[in-house]
Amino acid sequence: MISLGIDPGTASLGYGLVQELPNGTLQLVDYGVIRTAADWSMATRLQKIYDELRGVIAAHRPDRAGVEELFFARNVSTAISVAQARGVVLLALHGAGLPIAEHKPNAVKMAVCGYGGADKAQMQEMVRLLLGLEKTPRPDDAADALAVAITDLHSYRLHSLELA
């Protein structure tokens, strides 16, 4: 089972693909970021996100996807642009026929670190350890997306057990 994790954003959208092997081991498939320029129109930025994400889906053929839910404290304009990117992401994933789960940021931290208040450094180190990597994945948006994919696989497995 391969999950595509997404950390939404308009300037830098992180994606990460993680496979759960039959023995329960997690394995890195791929990760990266989709970048857009601040001087592009919002429509151009969203089109680039859509097109590149569809390319990632076509290249790797994930079985499912996890998307981090929107969290914002103060900056409403940033939240609106991230919400627009999330909409395009959900459209691309749905159009590809992927089952989609949305994960709250603190649930991702809990699933990966065992603590909902984990900081970025703790999250990145746990992603590195869980995937058996020599170095922490960079940039941060890609590491965050891998954490979402890991969370999605754990969540799917637990939900499957509950239904059995």
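For the structure, check the block above.
The notes below deal with the structure included here. Note that this is a predicted model, so its numbers are computed, not measured.

Quick notes on the rules
- Residues numbered from 1 in each chain as written.
- Predicted model: local features only at pLDDT ≥ 70, side-chain atom pairs only at ≥ 80, totals over all residues.
- Heavy atoms only, no water.
- Axes fitted to C-alpha atoms, helices over the stretch in contact; angles between N-to-C directions.
- Helix = DSSP H or I, 4+ residues; strand = E, 2+ residues; numbered from the N terminus.
- Left-handed = near helix turned anticlockwise from the far one by under 90°.
- Contact = heavy atoms within 4.5 Å.
- Nonpolar A, V, L, I, M, F, W, Y, C, P; charged D, E, K, R; others polar.
- Salt bridge = Lys/Arg side-chain N within 4 Å of Asp/Glu carboxyl O.
- Buried < 20%, exposed > 50% of the residue type's maximum accessible area, 1.4 Å probe, protein only.
- Pairing = 2+ DSSP bridges.
- Parallel < 35°, antiparallel > 145°, perpendicular 65-115°, else oblique.
- 1 Å grid on protein atoms, 1.4 Å probe; cavity = no way out; pocket = protein on both sides within 12 Å on 5 of 7 lines; lining within 4 Å.
- Points joined across faces, edges and corners; volume = space filled by probe spheres on them.

### Some details on the packing of helix α1 (residues 42–60) against helix α2 (residues 76–95)
Argument step 1. It is the contact of α1 with α2, at a shortest axis distance of 9 Å, that shows an interaxial angle of 35°. For the pair α1 and α2, the crossing hand works out as right-handed. Together, Met42, Leu46, Ile49, Tyr50, Leu53, Arg54 and Ile57 of α1 and Ser81, Gln84, Ala85, Val88, Val89, Leu91, Ala92, Leu93 and Gly95 of α2 make up the contact between the two elements.
Argument step 2. Among the residues making up the contact of α1 with α2, the classes are represented as 12 nonpolar, three polar and one charged.

### Topic: the pattern of salt bridges
A side chain with one charge may pair with a side chain of the opposite charge, provided their charged atoms come close.
Argument step 1. Counting across every chain of the model gives seven salt bridges.
Argument step 2. Residues Glu69 and Lys104 are paired through a salt bridge, measuring 2.9 Å at the closest nitrogen-oxygen approach. Taken together, the residues span a long stretch of sequence, with Glu69 in the loop between β4 (64–68) and α2 and Lys104 in the loop between β5 (100–103) and α3 (105–113) at a distance of 35 residues.
Argument step 3. On the basis of relative accessibility, which here comes to 24%, the residue Glu69 falls in the partly exposed class.
Argument step 4. Note that Asp144 and Lys120 form a salt bridge whose closest N and O atoms lie 2.6 Å from each other. In this pair, Asp144 sits in helix α5 (residues 140–163) while Lys120 sits in helix α4 (residues 120–130), placing the two residues 24 residues apart along the sequence.

### Quick notes on the sheet that holds strand β1 (residues 2–7)
Argument step 1. Here we have five strands laid out as an open sheet, ordered β3-β2-β1-β4-β5, and mixed in their pairing. Whereas interior strands pair on both sides, the edge strands pair on one side only; in this sheet they are β3 (26–35) and β5. Neighbouring strand axes in the sheet, compared pairwise and without regard to direction, differ in orientation by 20° on average.
Argument step 2. Bridge count for β1 against strand β2 (residues 12–20) is six bridges, and the pairing is antiparallel. Looking across to β2, one finds that Leu4 is bridged to Leu17.
Argument step 3. Sheet strands in contact with α2 are β1, β2, β4 and β5, and its direction is about 175° off that of β4.

### So, the side chain of Ser81
Argument step 1. Structurally, the position occupied by Ser81 is in helix α2.
Argument step 2. For Ser81, a relative accessible area of 13% translates into the label buried.
Argument step 3. Aside from chain neighbours lying at most four places away, what touches Ser81 is Thr10 and Met42.

### Section: the side chain of Asp144
Argument step 1. Relative accessible area serves as the criterion here: at 14%, Asp144 is assigned to the buried category.
Argument step 2. With near-sequence residues (within four places) excluded, Asp144 lies in contact with Asp7 and Lys120.

### Details of the packing of α3 against α4
Argument step 1. Contact geometry of α3 with α4 gives a least axis separation of 9 Å together with a crossing angle of 45°. Here α4 runs oblique to α3, going by the angle between their axes. Pair α3 / α4 crosses with left-handed handedness. Only Gln122, Met123, Met126, Val127 and Leu130 of α4 make contact with α3, whose side of the interface consists of Val108, Lys109, Val112 and Cys113.

### Focus on the layout of surface pockets
Argument step 1. The computed volume of the largest pocket comes to approximately 460 Å³.
Argument step 2. Together, 22 residues line the largest pocket, and Asp7, Glu68, Pro105, Lys120 and Asp144 are the ones closest to its centre.
Argument step 3. Broken down by secondary-structure element, the contributors of at least two residues to the lining of the largest pocket are α2, α3, α4 and α5.
Argument step 4. Counting residues per element, the lining of the largest pocket draws most heavily on α5, at four residues.

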